[in-house]
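# Commentary on secondary and tertiary structure
Listed below, chain by chain, are the residues.
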2 protein chains.
Amino acid sequence: MIRIGLYGYGNIARGVECAAAQNADLTIAAVFTRRDPATVTTQGAPVYRVDDVLAHRDEIDVLVMCGGSATDLPQQTPQMAEYFNVVDTFDTHKRIPEHFANVDTAAKRGGKTAVISVGWDPGLFSLNRMLGNCFLPDGADYTFWGRGVSQGHSDAVRRIDGVLDARQYTVPVESALQAVRRGEQPELTARQKHTRECYVVAAEGADRARIEREIVTMKNYFDEYDTTVHFITQEELDRDHKGIPHGGTVIRSGRTGRDGENRHEMEFRLRLDSNPEFTACVVACCARAVCRMNAEGQTGCKTIFDIPPAYLSPLSGEELRAKML
Amino acid sequence: MIRIGLYGYGNIARGVECAAAQNADLTIAAVFTRRDPATVTTQGAPVYRVDDVLAHRDEIDVLVMCGGSATDLPQQTPQMAEYFNVVDTFDTHKRIPEHFANVDTAAKRGGKTAVISVGWDPGLFSLNRMLGNCFLPDGADYTFWGRGVSQGHSDAVRRIDGVLDARQYTVPVESALQAVRRGEQPELTARQKHTRECYVVAAEGADRARIEREIVTMKNYFDEYDTTVHFITQEELDRDHKGIPHGGTVIRSGRTGRDGENRHEMEFRLRLDSNPEFTACVVACCARAVCRMNAEGQTGCKTIFDIPPAYLSPLSGEELRAKML
């Protein structure tokens, strides 16, 4: 039985609890929180203060870091990696090399194993981009996200004066996706790949035309996209937009043959009702892998690229070959 | 530079030559053939008799076994695995455990590393089936093949009396594929998943009605499918059906959440103009991986499940993290 500790108790942590319930070899041994433990109700695991985490070293095989990428994980993962095998979902692509170096140093100091930046992007999408580049070196990469909720864009809309609540969906442009699938290798701008849909609850008497204008012209978030804004009531938002669906498509389009005469498309697609729950399923399997790698003496920081796929599975090599190959 | 030997010189071997031309770290060092070497023209590599292969041990880092799965590979891969790092495309799913054991014994005896059953199915499809089962343990698997040429079914049609030549396409049933993509988890019979299309060149005066009847009722090959038969001329077959396209789709459809309330679909799809050339691209990257694993002392028989994905790539871990994660 692999004993998982959850460091933080948000959506990902709750998803890991659900994933552990579906995997006979995984159990949640403890939850660590910055809140008052008495106020936190888990699916059964005991709750402790984050400050007490080191006192529970012997009860935990792997610590899943469930904080945010902006400020939590850059601090917390290196701190914990010296004392625990850890898994995190760090998703600020640009800062991954720096985060990797910090976690690697800490993990090696403690003889522990860490896997960072797992989930689906970074994670499974990265794996598919990488495999596509290996198998089809003469080719082009495409990533489409959605249809799904972007938390960052939803937050940006909520910060506008007069907005009470908002939900933003990122939507791939179907005609662009089809052109890529047909092997046309188009060059696509941001606007040609995705549109953005906003569902906005405005305060009574707020100037809706101004809110809409502020959204569609917002630098870095919306100005490079075709954005539609729908004003709805809080009741409608709560009823129709409470889920956190997401997904997307990674395509590698490439050529082979003596004169590049043959075209090929590799496509990986996710359609997820719950972004955090699926992410947590990937995290849970990586927790299993990290324990195996540590038991073999493979210490330091790893990514999805370093994990032999069999280590993610509860099945033996023999079972995998007989049933899955 | 990784020096590849090709054992056999058919479609896969020619594809590996093309793949090596696209990868700066791979070179074809030698081709071994059962034919008279003087009659074989390669893209530049020297040609030797298969019987002389052991004399070239020092010139080769990894031997790619390019024979057929029916009779060649079960013999040849274990024979060569004692003396060379090897890669093969053994694709008789049921016999993989037995083949694995034979190759493992030989490779361990010689301190060599082998990777068997690579390509796309078995290979990338296996990897995606396995990952789907890891991440979504409460779910169902679907594999659709095509639209593509099935060599085995084409051969079966050619054996019918009065048939001069034939090409068989396996075609997924689009409505079934869409139902799976929508997360309906349907139970599907063979007939509901695929149809079969045959293009047949009949001898002059042959009884076409009898040929068609023999095809559509053929046990194990066609009787469980809806099959259409088109009679065409040899010229039409050569003009319109000379390619070897293939592909397919692996879907894992599963549920998460405290009450299984959230549905997810993971899909991996290939559309290939040339089945052997894409297979060869995967083989070439596995040749790279097998050399790395051997250099690390990981000897014996491996499958795609055992290869850390980074080992397939010519890029360093640092480059992969910066560019692909």
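Residues numbered from 1 in each chain as written. Chains lettered and ligands numbered in written order. Predicted model: local features only at pLDDT ≥ 70, side-chain atom pairs only at ≥ 80, totals over all residues. Heavy atoms only, no water.

In terms of regular secondary structure, chain A is built from eleven helices and 14 strands. By the compact-globule yardstick of 20 Å for 325 residues, chain A fits well, its C-alpha radius of gyration being 22 Å. Looking at chain A as a whole, 59% of its 325 residues are labelled buried. As displayed, chain A offers around 13400 Å² of accessible surface, 45% of which is attributable to carbon and sulfur atoms. If the 38 positive side-chain charges of chain A are averaged to one point and the 45 negative ones to another, these points end up 2 Å apart. (Helix = DSSP H or I, 4+ residues; strand = E, 2+ residues; numbered from the N terminus. Rg over C-alpha atoms; globule rule 2.2 N^0.38 Å. Buried < 20%, exposed > 50% of the residue type's maximum accessible area, 1.4 Å probe, protein only. Areas by Shrake-Rupley, 256 points an atom, 1.4 Å probe, with all protein chains shown as cover. Lys, Arg positive; Asp, Glu negative; His and termini not counted. Charge placed at Lys NZ, Arg CZ, Asp CG, Glu CD.)

Moving on, we come to the pattern of salt bridges. Tallied over the entire structure, the rule returns 38 salt bridges over all chains. Between arginine 239 of chain A and aspartate 240 of chain A there is a salt bridge, with its nearest N and O atoms 2.8 Å apart. The class of aspartate 240 of chain A is partly exposed, set by a relative accessible area of 44%. Measuring nitrogen to oxygen at the nearest pair gives 2.7 Å for the salt bridge that ties arginine 182 of chain B to glutamate 184 of chain B. The partly exposed category is assigned to arginine 182 of chain B, whose relative accessible area is 46%. A relative accessible area of 45% places glutamate 184 of chain B in the partly exposed class. (Salt bridge = Lys/Arg side-chain N within 4 Å of Asp/Glu carboxyl O.)

Let's shift gears to the relation of the copies chain A and chain B. The operation relating chain A to chain B is a screw motion whose rotation component is 180 degrees, with 0.0 Å of axial translation and a residual RMSD of 0.0 Å. The transformation relating the two chain copies, once decomposed into turn and shift, fits a two-fold axis. (Least-squares fit on C-alpha atoms with pLDDT ≥ 70 in both.)

To continue, consider the sheet that holds strand 4 (residues 62-65) of chain B. Residues and elements named next belong to chain B. In spatial order, the strands read 3-2-1-4-5-6-14; together these seven strands make up an open sheet with parallel pairing. What marks the edges here is a single partner per strand, and that holds for strand 3 (47-49) and strand 14 (300-302). Note that strand 1 (residues 2-7) and strand 4 share four bridges and pair parallel. Each bridged residue has a counterpart across the sheet, and for isoleucine 4 the counterpart in strand 4 is valine 62. Docked against the sheet, helix 3 (residues 96-110) engages strand 6 (113-115) and strand 14, running at close to 140 degrees with respect to strand 14. (Pairing = 2+ DSSP bridges. Contact = heavy atoms within 4.5 Å. Axes fitted to C-alpha atoms, helices over the stretch in contact; angles between N-to-C directions.)

What follows deals with the domain arrangement of chain A. All names here are of chain A. Under the domain assignment, chain A is made up of domain 1 (2-121 + 276-318) and domain 2 (126-274). With centres defined by C-alpha atoms, the gap from domain 1 to domain 2 works out at 28 Å. Taken residue by residue, the interface counts eight residues in domain 1 and twelve residues in domain 2. Among the residues domain 1 hides against domain 2, the three largest losses belong to Trp120, Asp121 and Phe305. Together they make up 56% of the total. Put simply, domain 1 and domain 2 have one salt bridge between them. Residue aspartate 121 pairs with arginine 129 through a salt bridge whose shortest N-O separation is 2.8 Å. Counting the contacts that link domain 1 with domain 2 gives four residue pairs in polar contact (both at pLDDT 80 or more). For the side of domain 1 that touches domain 2, the element with the highest residue contribution is helix 10 (residues 275-295), accounting for three residues. Here the side of domain 1 that touches domain 2 is composed, by residue class, of four nonpolar, two polar and two charged. (Domains from an automatic or database assignment. Buried area = accessible area lost by both parts, 1.4 Å probe. Polar contact = N/O pair within 3.5 Å; in protein donor to acceptor, adjacent residues only side chain to side chain. Nonpolar A, V, L, I, M, F, W, Y, C, P; charged D, E, K, R; others polar.)

Now for the interface of chain A and chain B. Contact residues are listed per partner, giving 63 residues for chain A and 63 residues for chain B. If you look at where chain A meets chain B, you find four salt bridges. Ionic pairing is found between glutamate 265 of chain A and arginine 271 of chain B, a salt bridge with its closest N-O pair at 2.7 Å. Taken together, the links from chain A to chain B amount to 28 residue pairs in polar contact (both at pLDDT 80 or more). Elements with a contribution of two residues or more to the side of chain A that touches chain B: helix 3 (96-110), helix 4 (124-135), strand 12 (246-256), strand 13 (262-272), helix 10 and helix 11 (317-323) of chain A. Among the elements that make up the side of chain A that touches chain B, the one with the highest residue count is strand 13 of chain A (eleven residues). Broken down by class, the residue content of the side of chain A that touches chain B amounts to 32 nonpolar, 15 polar and 16 charged. Pairing analysis gives nine bridges linking strand 13 of chain A to strand 13 (residues 262-272) of chain B, with the strands arranged antiparallel. Opposite arginine 269 of chain A, over in strand 13 of chain B, you have glutamate 267 of chain B as the bridge partner.

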